[in-house]
Amino acid sequence: KSTYGEVKLLLDRVTEARYLLSVYPGIDASGAQDVRREVAIAARGGVLDPAILLQIGDSLRTFQRLRNQIGEGRSAVPLLWEIASGIVNIPQMEKEITRCIGPQGEVLDEASPNLAALRLRGENVQQHLLGHLYSLVHSSRWKRVIQEPVISQREGRYVLLVKSEFRRAMKGIIHDTSNTGVTVYLEPWSAVEMGNELRECILEEEREIDRILAEISAEVGHYADEISCNIQLIAEIDLILAKARYARNADASEPFLVKVGADIGNGEEVHNKIKLVDARHPLLGEKAVPLSLEITGDSPILVITGPNTGGKTVAMKTVGILCLMTQSGLPIPASPESSLPIFDNIFSDIGDDQSIEQTLSTFSWHMGNIVRFVQHATVMSLVLLDELGTGTDPVEGSALARAILGHFLKRKTLVIATTHFSDLKVFAHESEGLRNASFAFDSVTLEPTYRLVMGIPGGSNALATATRLGLPNDIINSARGLLAKGEQDLGVLISDMMSEREGIENLRCSLEGSLEEVERNRLELKSEIERLKTEKKHFLQSVRDEVISEAAILQKEIRRASTEVRRERSHRQVERARKALQVVEGRLDGGIWQASLDETEMTDEMENEGIIVIGDKVRLRSSNVEATVLSLSQRKEKVEIQVGQAKMWVSMNSVVKVGYSPKRVSSSGVSLKRKKPMQSLSLELDLRGKRAEEIEDSIDVYLNDAFLANLREVRIIHGFGMGVVRQITRDFIASHPLVKSFRPGDKDEGSDGVTVVTL
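The model shown is predicted, which means the values in this text are computed figures rather than measured ones.

Rules and cut-offs
Residues numbered from 1 in each chain as written. Predicted model: local features only at pLDDT ≥ 70, side-chain atom pairs only at ≥ 80, totals over all residues. Heavy atoms only, no water. Helix = DSSP H or I, 4+ residues; strand = E, 2+ residues; numbered from the N terminus. Buried < 20%, exposed > 50% of the residue type's maximum accessible area, 1.4 Å probe, protein only. Axes fitted to C-alpha atoms, helices over the stretch in contact; angles between N-to-C directions. Contact = heavy atoms within 4.5 Å. Nonpolar A, V, L, I, M, F, W, Y, C, P; charged D, E, K, R; others polar. Pairing = 2+ DSSP bridges. Core = buried A, V, L, I, M, F, W, Y, C linked by side-chain atoms within 4.5 Å. Phe/Tyr/Trp six-rings, centres within 6.5 Å; stacked < 30°, edge-to-face > 60°. Lys NZ or Arg CZ within 6 Å of the ring centre and 35° of its normal. Polar contact = N/O pair within 3.5 Å; in protein donor to acceptor, adjacent residues only side chain to side chain. Salt bridge = Lys/Arg side-chain N within 4 Å of Asp/Glu carboxyl O. Parallel < 35°, antiparallel > 145°, perpendicular 65-115°, else oblique. Left-handed = near helix turned anticlockwise from the far one by under 90°.

We now examine the environment of A440. By the secondary structure assignment, A440 is in strand β13 (residues 434-442). Residue A440 is classed as buried on the basis of its relative accessible area of 7%. Sequence separation between A440 and L452 is 12 residues, and the spatial gap between their C-alpha atoms is 6.5 Å.

Next up, the structure:
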């Protein structure tokens, strides 16, 4: 049995493993061996073979590699890291094994200095020994004695092949004779001492190797618990990765888990529900025909009918296998839209297990299974019944089948049953809580389509199947004539229903295609509208930036003209200044400025519309300079204004009313923008923190406002610093038409960090 939490955890781990495989396609646990028995022997003092130590070293490297790979993406795979974090790295043990044991399982010279020395000494002794024996073999003195000029070994001793009849000619120890007896294997006396010395070196080398292996084995035994625990964790990760690889290869997905009995927020409880979309039998591979079905707690019984070899049993097995796969934490070959509950038991009565020895008939075997299902099945169970009610009299079998389904219906147990009984089809159609389903049959080819159709019963098509399998037509026609008229009518009705269903399905697919096209067109139109809005916004912003840039340049021209007026006081200069201002106003009165206004600004102007009359205070749109209205010309749509000592005619559209004079003369006006009356003005302007390009505009606006507010003396705070702001300030006000004089501030006014201006 599994719980919802356990299965969800298993599936979530597989989801993380699939992501891990996308990042590390080659990640696996290859190299790890189940050496728990061997490390347990080492823990009890046993000495391990080099080959076993080599397996342990490979396993230790795998432990470390897999832990590191999962650890690098721990934030994305927290559930896998929860397992991998328990792996204990033992790098010193792995390094020791690698240092001492070679890839072929041999103990390396680097294992100990003594071993290296013993092997070097043995090699020297061996070379001397072989050199001496070669000299004997090739000596003319012993030429007639030697059978073959080769050196062989017997019982770990180097020997010469001597002819049997000359065995006494060469003194030595005979270790063996050939099968024919014509050759003896003789160790010459002159080589015995060197052979003994070589043997001693070999024995000492073996003792040193035994010591090294015992030492490494003892260290392995010291980490026996850690290594055994690591193997269990690695095996768990390996299983999860295997599930993920299966899911990738089979195009499988993790189904949504139905949490049975949980309150869904409106006082209702969720009941068992099976929903499979495009599900495939995992063993059929590409041959599998996708299966889609749905069984809910409101209609827990599904009765599947249809032709023989039509796919009924395969469908039932598919449902059962996919449910078991899910509860094992294994993704299923079905669409991610599929959802499955967690069952306490899955009961299946599929196939036949009759036994003559046990006097067990087909019917008895089926009933034995069903009795067990009835006794143990609950609302949390799934029951699969293949060919329910068969093996006995059809009338009694059908009645028994209906009663069994009725019993499970009362318990709300999910049941899938296959049958050929017409009574069961009618029962499923008429009874609330039961649903029919059938596998379609192609009446033209007389072959099943293996497509499941929900809601409609299917005919058995036994006669058509028999025809396809080769039964003679006269037998088929005779059988058709023996069918009751009701049975024939039912078959025709089912066939018509299937055709109608197919037509509706085709219409549904066509409508879905049309809806998809409409939705696609809607999204494209929405995208095009958004694009046009963006282009419009960028265009208006570009126009606005261009106008503002032009206005800044023209404002400098106005200030330069005003400076000339103040310095020269000539009529020509005044006229030039007026013309320059009129040019500026004309350029700014164009529709391009109005087009750049956003909806908020336009609404604001509409709300502040008013009448301009003589005596009103207005502001020039181009430069924020305020002036007083002296006279109006309705015919020319001009207004005469006074700015300081200068008087000029400008377009009515180029000014905005900001206030009025108490002594103004009534006159017909024109609709213009109106601004709230000016608030009380501060006696000082603080320029600290402003950029150099902002200083002149800030001073100009402030001095205009101060002049119109009838202030005689103001302070401009620019601070000390490097003196740049102070210099710009004083250079600018030196030529300003509203400035009479200026001076640095007194000590109590801020000294040279302040400029006091007299207007």
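Let us keep going from here.
Helix α8 (residues 224-249) packs onto helix α7 (residues 189-222) with a crossing angle of 65° between their chain directions and a minimal axis gap of 4 Å. For the pair α7 and α8, contact is made by V220, G221 and H222 and by A224, E226 and I227, respectively. Of the residues belonging to the contact of α7 with α8, the class tally is three nonpolar, two polar and one charged.

A few words on the sheet that holds strand β25 (residues 754-758). Pairing is mixed in the open sheet, where four strands are placed in the order β22-β23-β25-β24. The sheet is open, and its two edges are formed by β22 (684-686) and β24 (741-744), each paired on a single side. The average undirected angle you get between the axes of adjacent strands in this sheet is 20°.

By size, the foremost hydrophobic cluster in this structure holds 47 residues, and its most contacted members are L53, I56, I70, I97, V220 and I227. With nine residues, the single largest contributor to this core is α8. In this structure, I97 is in contact with L53, L54, I56, G57, L60, I216 and V220, ignoring residues within four places of it in sequence. The next biggest cluster of nonpolar side chains, apart from the first, holds 26 residues, and it includes A279, M325, A334 and L452.

Taken in spatial order, the four strands of this open sheet run β1-β2-β4-β3, and their pairing is antiparallel. Edge positions in the open sheet fall to β1 (146-154) and β3 (172-177), since each of these has one partner strand only. Between one strand and the next, the sheet's axes are offset by a mean angle of 35°, whatever the strand orientation. In the sheet, β1 pairs with strand β2 (residues 157-163) via six bridges, with the strands oriented antiparallel.

This part covers unusual backbone geometry. A positive phi angle, near 55°, is found at D251, a position not held by glycine. Its place among the elements puts D251 in the loop between α8 and β5 (256-258). Since its relative accessible area comes to 58%, D251 is described here as exposed. A positive phi angle, near 60°, is found at K412, a position not held by glycine. Take K412: it is sitting in the loop between α11 (394-411) and β12 (414-418).

Below, the discussion takes up the packing of aromatic side chains. A full pass over the atoms with the stated rule returns one aromatic pair. For the ring pair F347 and F373, a centre distance of 5.1 Å and an interplane angle of 40° mean the geometry is tilted. Taken together, the positions of F347 in strand β10 (residues 345-349) and F373 in helix α10 (residues 362-376) put the pair 26 residues apart, joining distant regions of the chain. A relative accessible area of 8% places F347 in the buried class. The side chain of R74 reaches across the aromatic face of W81, ending 4.3 Å from its centre. When the ring centre of Y185 is taken as reference, the NZ or CZ atom of R154 above it lies at 4.0 Å.

With that settled, consider the side chain of S178. Looking at the element boundaries, S178 is found in the loop between β3 and β4 (183-188). Using a relative accessible area of 18% as the deciding quantity, one classes S178 as buried. Side chain to side chain, S178 and T180 meet in a polar contact 3.2 Å long. Apart from residues lying up to four places away in sequence, S178 is in contact with T183 and Y185.

Inspection of the entire model under this criterion finds 27 salt bridges. Between R18 and E254 there is a salt bridge; the shortest N-O distance is 3.2 Å. Here the residue R18 occupies a position in helix α1 (residues 4-23), and E254 occupies one in the loop between α8 and β5, the gap between them amounting to 236 residues. Among the salt bridges present, the one from R157 reaches E187, with a minimum N-O distance of 2.9 Å. One end of the pair, R157, is in strand β2; the other, E187, is in strand β4, with 30 residues separating them in the sequence. E187 matches R157 in its accessibility class, with the two residues each being buried. Each member of the salt-bridge network shares a partner with another, and the members are D58, R61 and E94.

Attention now goes to the packing of α10 against α11. Closest axis-to-axis distance for the α10/α11 pair is 12 Å, and the angle between their directions is 15°. Classified by the angle their axes make, α10 and α11 are roughly parallel. Judged by the sense of rotation from one axis to the other, the crossing of α10 with α11 is left-handed. Facing F363, M367, I370, F373 and V374 of α10, the residues of α11 in contact are L400, I404, H407, F408 and R411. Tallied by class, the residues present in the contact of α10 with α11 amount to eight nonpolar, one polar and one charged.

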